[in-house]
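If you want the building blocks of each chain, they are given just below.
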Amino acid sequence: EPEVTQTPSHQVTQMGQEVILRCVPISNHLYFYWYRQILGQKVEFLVSFYNNEISEKSEIFDDQFSVERPDGSNFTLKIRSTKLEDSAMYFCASSERASGGRETQYFGPGTRLLVL
Amino acid sequence: AQSVTQLDSQVPVFEEAPVELRCNYSSSVSVYLFWYVQYPNQGLQLLLKYLSGSTLVKGINGFEAEFNKSQTSFHLRKPSVHISDTAEYFCAVSVDSGAGSYQLTFGKGTKLSVIP
């Protein structure tokens, strides 16, 4: 069964450094998402992406964050200058369609980011 | 804005006993409801979803959930749990944002521990 993959599984970085989290969505999916979960808190929506542009973003997704689909398979989340509070599990998801919210989003296993 | 409350952060239950994981939501518009499960070191996997129609929804691994509009609840149930059901369970809602994509709003999750 096709699945969403994410690399790396764990990333440790120093505050102020740039990190890039990578995701390979399911191949025929058109909508892509990033979520994060700070330890002990809810899974929170960051951004959705369709047709090579951001569809929607949350207030968490400030100028320090960016997303890109650099080729036909990868979907990346970049944090330009990491802060301690960026430490979290980051999940990538994809869906084939949007269908007004009815579609299932398929999630990757996550990247655990630790900012020191 | 919508929100999801999962009333129990941890639920221990003996093997072969029934279990109910509670989920309540609030939204000013119609929602679609989802339950996801996360096994250790894996991504979020869809258990079941409610879009419309019959309020009793059956999912994978013997789970079912009942949508109750008057109580704004979508509780997850299983009549007899197995050790392999030990995982974290997330309730989520989606609302069509009108942007062509949509975001999931999650609860904090419930950790189900099945005791032999």
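Small disclaimer: the values here were computed from a predicted structure and weren't measured.

Cut-offs and rules
- Residues numbered from 1 in each chain as written.
- Chains lettered and ligands numbered in written order.
- Predicted model: local features only at pLDDT ≥ 70, side-chain atom pairs only at ≥ 80, totals over all residues.
- Heavy atoms only, no water.
- Helix = DSSP H or I, 4+ residues; strand = E, 2+ residues; numbered from the N terminus.
- Rg over C-alpha atoms; globule rule 2.2 N^0.38 Å.
- Contact = heavy atoms within 4.5 Å.
- Areas by Shrake-Rupley, 256 points an atom, 1.4 Å probe, with all protein chains shown as cover.
- Lys, Arg positive; Asp, Glu negative; His and termini not counted.
- Charge placed at Lys NZ, Arg CZ, Asp CG, Glu CD.
- Buried < 20%, exposed > 50% of the residue type's maximum accessible area, 1.4 Å probe, protein only.
- Pairing = 2+ DSSP bridges.
- Phe/Tyr/Trp six-rings, centres within 6.5 Å; stacked < 30°, edge-to-face > 60°.
- Axes fitted to C-alpha atoms, helices over the stretch in contact; angles between N-to-C directions.
- Polar contact = N/O pair within 3.5 Å; in protein donor to acceptor, adjacent residues only side chain to side chain.

**Q** Mind showing me how you'd approach the overall build of chain B here?
**A** Across its full length, chain B carries 0 helices and 12 strands. For chain B, the α and β elements follow one another from N to C terminus as β-β-β-β-β-β-β-β-β-β-β-β. Relative to its length of 116 residues, chain B is compact, with a C-alpha radius of gyration of 14 Å against a globular reference of 13 Å. C-alpha extents for chain B along the principal axes are approximately 45 × 30 × 20 Å. Long-range contacts, defined here as pairs at least 24 residues apart, represent 56% of the contacts in chain B between residues at least 6 apart. Accessible area for chain B stands at about 5,500 Å²; split by element, carbon and sulfur atoms hold 50% of it. Looking at charge distribution, chain B has the averaged site of its 8 positive side-chain charges lying 5 Å from that of its 9 negative ones.

**Q** I'm lost on the pairing of strand β9 (residues 73-78) of chain B in this one. Help?
**A** Within a regular beta strand, the side chains point alternately toward one face of the sheet and then the other, so they alternate between its two faces. By the criterion of burial, β9 of chain B is predominantly enclosed, with 5 of the 6 residues buried. In this structure, the hairpin formed by strand β8 (residues 64-68) of chain B and β9 of chain B is closed by a connection of 4 residues, where T72 of chain B is found at a positive phi of approximately 45°.

**Q** What am I meant to see in the packing of aromatic side chains here?
**A** To describe a pair of aromatic rings, you give the distance between the ring centres and the angle between the ring planes. Under the defined criterion, the tally for this structure stands at 19 aromatic pairs over all chains. Here Y35 of chain A and F106 of chain B contribute two aromatic rings whose centre-to-centre distance is 5.7 Å and whose plane-to-plane angle is 90°, an arrangement assigned as edge-to-face. Placement of Y35 of chain A in strand β4 (residues 31-37) and of F106 of chain B in strand β11 (residues 102-106) is noted, with the two residues assigned to different chains. A single burial state applies to Y35 of chain A and to F106 of chain B, both of which are buried. For the pair Y36 of chain B and F106 of chain B, a centre-to-centre distance of 6.0 Å together with 50° between the ring planes defines the contact as tilted. Linking Y36 of chain B in strand β5 (residues 32-38) with F106 of chain B in strand β11, this pair joins segments that are 70 residues apart in sequence.

**Q** Looking at this model, I keep getting lost on the sheet that holds strand β7 (residues 65-68) of chain A. Mind explaining?
**A** In sheet architecture, strand pairing relies on hydrogen bonds along the backbone and comes in two forms, parallel and antiparallel. Residue and element names in this part refer to chain A. Judged by pairing direction, the sheet is antiparallel, and its 4 strands sit side by side in the order β1-β3-β8-β7 without closing on themselves. Of all strands in the sheet, those bounded by a partner on one side alone are β1 (5-7) and β7. Each strand of the sheet is rotated relative to its neighbour by a mean of 20°, with strand direction disregarded. Sheet topology note: the β1/strand β3 (residues 19-24) ladder contains 3 bridges and is antiparallel. In the sheet register, T5 faces β3, and the bridge partner there is V24.

**Q** Whenever I open this one, the side chain of T110 of chain B confuses me. Can you help?
**A** Residue and element names in this part refer to chain B. Following the sequence through the fold, T110 ends up in strand β12 (residues 110-115). Within the local environment of T110, its side chain forms a polar contact with the side chain of Q6, the two groups lying 3.3 Å apart. Polar contacts involving the side chain of T110 include one to the main-chain carbonyl oxygen of D8, which spans 2.6 Å. In contact with T110, not counting residues within four places along its chain, are Q6, D8, S9, V11, L21, A87, E88 and Y89.

**Q** Looking at this structure, how should I read the pairing of β12 of chain B?
**A** Residue and element names in this part refer to chain B. Side-chain alternation along β12 places T110, L112 and V114 on a buried face and K111, S113 and I115 on a face that remains uncovered. As paired strands, strand β2 (residues 10-14) and β12 are joined by 5 bridges and run parallel to one another. Its bridge partner being in β12, V11 is matched across the sheet by L112.

Function cannot be read off these values alone, since they describe shape.
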